[in-house]
Protein chains: 2
Amino acid sequence: MSNQSDSPKRALTRDDVLDAAAAMVKKNGPRALTMRKLAAELGTAVTSIYWHVGNRESLLEALVERTVTDLGEIRAQGRTPATRIVSVTRALRAQLRGHPHLVAMVHERGLTERMFQPATQALVHEVHAAGLRGGQAADVVRSLLFQVVGFVLVERNRERAPVQYPGDESLWDAGAAEHDPALAKGLAAPPDPERLFLLSVRAMVDGLLGERPAERAH
Amino acid sequence: MSNQSDSPKRALTRDDVLDAAAAMVKKNGPRALTMRKLAAELGTAVTSIYWHVGNRESLLEALVERTVTDLGEIRAQGRTPATRIVSVTRALRAQLRGHPHLVAMVHERGLTERMFQPATQALVHEVHAAGLRGGQAADVVRSLLFQVVGFVLVERNRERAPVQYPGDESLWDAGAAEHDPALAKGLAAPPDPERLFLLSVRAMVDGLLGERPAERAH
DNA sequence: ACCTGAACACCGTTCAAGT
DNA sequence: ACCTGAACACCGTTCAAGT
């Protein structure tokens, strides 16, 4: 708990507050950001913070806003439409993982559209290049966005709760795994998120792009 | 704020506490469950609750445990492997949506494996019936579980934050939608989750089942 | 074995008062 | 325009004391 600067006194600015708040969130998550501790960190009275940012909720909102703005563009890589689309989802996932607490905060505040604008634009472009148009293209873009965000949410929660219940093979030995020891082992081991992400995104992209309306009967 | 019963006095049981807590969570979410309000609801001192359930965290844990136990089986429906798998994911999504606050609570507490045991078993069975074995089957099951849970998480957060930023077409008109008005309109309108879920799960199932190792090059 | 009130250490927020 | 301390209404949790 040290002050932001060693110089004897300086006017407290709104950006000072945001910076300190960002540091606290980055270190221990949004839950650990309390107005009082933030004030202590900044060496001011709690009430000064209220003057600069209104209240805790607006503070978090401003924080999210600032982070989203700093996220930067997403560029597709690869030659085929499928690879380019997959590369965009990977870039988006990397962005999200770079700001571990951002996804949940953004979601709780309904800024999703805004946050995913760069990724959406990139996806729209690639999906268009893949030959899709109109409502179908929109569906594909939406499916992919949901997929990536959902995956990251699940992934993050998994990391935070490291030891899963029941944890080992006990559940799958008893015939549940259809007498397939390799399957049982595969389900018992912790998943490799990198691999799983690629696998499922590729499957979805293949499924979405390969779709010919006439072929489908189920 | 009324007491649980009109009979003058009764011994407070652990189940009474859990029941009242469950009702409060169901009504206003886990955040609204405070020990003090719970005590008021039950007409006892706060400290009595501590005697019965330890503390707030164990209370929520017990609640989750009980709900998960009550979730019940999942049965596949349909004739082809693909339809049967999709039916399992739909049933799982319905279960999760039936307990709106459960998913997040379960996740925060690392009970995911346990919660999804019925769905996992059903999926393992169907994936096996589709001809997949070993590690590949495990990957498919995992991908689908991640997909469903992720989708429901995103979906739920979207419902809670109804008006999205920026909200309307303003973003997509300016050439971002590749001069495709139908696409722009599709992205601007709020998604139909039911349709989107089916669409993306089917795409993923197709992609996962249709996979022949030799065919893939990207 | 079960329940109680008092007390502690925290919260977010408001308000009147200072410079 | 900016900062302050005091105060209010909440939290979760502990503890010694009751029956």
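Cut-offs and rules
- Along every chain, residues carry numbers that run from 1 in the direction the sequence is written.
- The naming scheme follows written order: chains are lettered A onward, ligands numbered 1 onward.
- Thresholds applied to this predicted model are a pLDDT of at least 70 for local features of residues and 80 or more for the giving and counting of side-chain atom pairs; totals over whole chains, interfaces and linings are not thresholded and use all residues.
- Note that water and hydrogens are dropped before the side-chain values are worked out from all heavy atoms of the structure.
- Numbering of helices and strands starts at the N terminus; helices are DSSP runs of H or I of at least 4 residues and strands are runs of E of at least 2.
- The buried label applies to any residue whose accessible area, calculated with a 1.4 Å probe on protein chains only, is under 20% of its type's maximum; exposed applies above 50%, and partly exposed to all values in between.
- Contact definition: two residues touch when any of their heavy atoms are within 4.5 Å.
- Surface accessibility in these figures is a Shrake-Rupley result with a 1.4 Å probe; residues are shielded only by whichever protein chains are displayed.
- Here, proximity means that at least one heavy atom of the residue falls within 4 Å of the molecule or strand.
- Under this definition, polar contacts are N or O atom pairs within 3.5 Å; protein pairs additionally need one hydrogen-donor-capable and one acceptor-capable atom, and for neighbouring residues in sequence, both atoms have to be side-chain atoms.
- In the scheme used here, Gly and all other residues not listed as nonpolar or charged are polar, with Ala, Val, Leu, Ile, Met, Phe, Trp, Tyr, Cys and Pro taken as nonpolar and Asp, Glu, Lys and Arg as charged.
- The copies were overlaid with a least-squares fit restricted to C-alpha atoms from residues scoring a pLDDT of at least 70 in each copy.
- Two parts lose some accessible area (1.4 Å probe) when they are put together, and adding that loss for both gives the buried area.
- Whenever a carboxyl oxygen of Asp or Glu lies within 4 Å of a side-chain nitrogen of Lys or Arg, that contact is scored as a salt bridge.
- UniProt positions are given in the numbering used here, feature names are shortened, and annotations may be inferred rather than shown by experiment.
- Among the buried residues, those of types Ala, Val, Leu, Ile, Met, Phe, Trp, Tyr and Cys that are joined through side-chain atoms within 4.5 Å form a nonpolar core.

- The name given to chain A in an unreviewed UniProt entry is TetR/AcrR family transcriptional regulator, with Streptomyces polyasparticus as the source organism.

1. Section: the overall build of chain A
Moving on, step 1. Helix and strand counts for chain A come out as 12 helices and 0 strands.
Moving on, step 2. Secondary structure elements of chain A, listed N to C terminal, follow the sequence α-α-α-α-α-α-α-α-α-α-α-α.
Moving on, step 3. Counting every position in chain A, which comprises 218 residues, the buried fraction comes to 47%.
Moving on, step 4. Nonlocal contacts in chain A, meaning residues at least 24 apart in sequence, comprise 68% of its contacts between residues at least 6 apart.
Moving on, step 5. Surface summary for chain A: the accessible area is close to 11000 Å², and the carbon and sulfur share equals 51%.

2. Notes on the protein's contact with DNA strand C
Moving on, step 1. Residues in contact with DNA strand C amount to 19 residues; listed here are only the nearest, R36 of chain A together with T47, S48, W51 and H52 of chain B.
Moving on, step 2. Put simply, 48% of the atoms of DNA strand C that lie within 4 Å of the protein are in sugar or phosphate.
Moving on, step 3. Between DNA strand C and the protein, one listed contact pairs a phosphate oxygen with a backbone N or O atom of L12 of chain B at 3.0 Å.
Moving on, step 4. Elements supplying a minimum of two residues to the surface near DNA strand C: α2 (35-42) and α3 (46-53) of chain A together with α3 (46-53) of chain B.
Moving on, step 5. Per element, the largest residue contribution to the surface near DNA strand C is 4 residues, and it comes from α3 of chain B.
Moving on, step 6. Partitioned by chemical class, the residues of the surface near DNA strand C number 8 nonpolar, 7 polar and 4 charged.

3. A look at the relation of the copies chain A and chain B
Moving on, step 1. Under the fitted operation, chain A is carried onto chain B by 0.0 Å of movement along the axis and a turn of 180 degrees, and the coordinates agree to an RMSD of 0.0 Å. Both chain copies can therefore be described as sitting about a two-fold axis. Of the C-alpha atoms belonging to chain A, the one lying closest to the rotation axis is found on G150 of chain A, 1.8 Å away.
Moving on, step 2. A symmetric contact is evident, with 100% of the interface residues of chain A recurring at the interface of chain B.

4. Focus: the protein's contact with DNA strand D
Moving on, step 1. Not every one of the 18 residues close to DNA strand D is listed here, only the nearest: T47, S48, W51 and H52 of chain A together with R36 of chain B.
Moving on, step 2. A breakdown of the atoms of DNA strand D within 4 Å of the protein gives sugar and phosphate a share of 50%.
Moving on, step 3. The contact in question runs from a phosphate oxygen of DNA strand D to an N or O atom on the backbone of R56 of chain B, over 2.9 Å.
Moving on, step 4. Looking at the surface near DNA strand D, the elements that each hand over two or more residues are α3 of chain A together with α2 (35-42) and α3 of chain B.
Moving on, step 5. When residues in the surface near DNA strand D are grouped by element, the largest group, 4 residues, is from α3 of chain A.
Moving on, step 6. Its residues assigned to classes, the surface near DNA strand D comprises 7 nonpolar, 7 polar and 4 charged.

5. Observations regarding the interface of chain A and chain B
Moving on, step 1. Opposite the 64 residues of chain A that make contact, chain B presents 64 residues.
Moving on, step 2. Each partner contributes to the roughly 6100 Å² buried at the junction of chain A and chain B, and carbon and sulfur atoms together form 63% of this total.
Moving on, step 3. Remark: the boundary between chain A and chain B carries 2 salt bridges.
Moving on, step 4. The residue R195 of chain A makes a salt bridge to D139 of chain B at a minimum N-O spacing of 2.8 Å.
Moving on, step 5. For the side of chain A that touches chain B, the secondary structure elements donating two or more residues are α5 (81-98), α7 (112-115), α8 (117-129), α9 (134-160), α10 (170-173), α11 (181-188) and α12 (193-209) of chain A.
Moving on, step 6. If one sorts the elements of the side of chain A that touches chain B by residue count, α9 of chain A sits on top with 18 residues.
Moving on, step 7. Residue composition of the side of chain A that touches chain B, grouped by class: 30 nonpolar, 20 polar and 14 charged.

6. Some details on the UniProt feature "DNA-binding region" (unreviewed entry) in chain A
Moving on, step 1. The UniProt record marks residues 34-53 of chain A with the feature "DNA-binding region" (unreviewed entry), using the residue numbering of this structure.
Moving on, step 2. As a span, residues 34-53 of chain A carries 80% helix and 0% strand, and end to end its C-alpha atoms are 13 Å apart.

7. Things to note about the nonpolar core
Moving on, step 1. Counting residues in each nonpolar core, the largest one holds 130 residues, and the members touching the most others are L38 and L59 of chain A together with L38 and L59 of chain B.
Moving on, step 2. Look past the residues within four positions of L38 of chain B in its chain and what remains in contact with it is V17, A20, A21, M24, L33, I49 and L59 of chain B.

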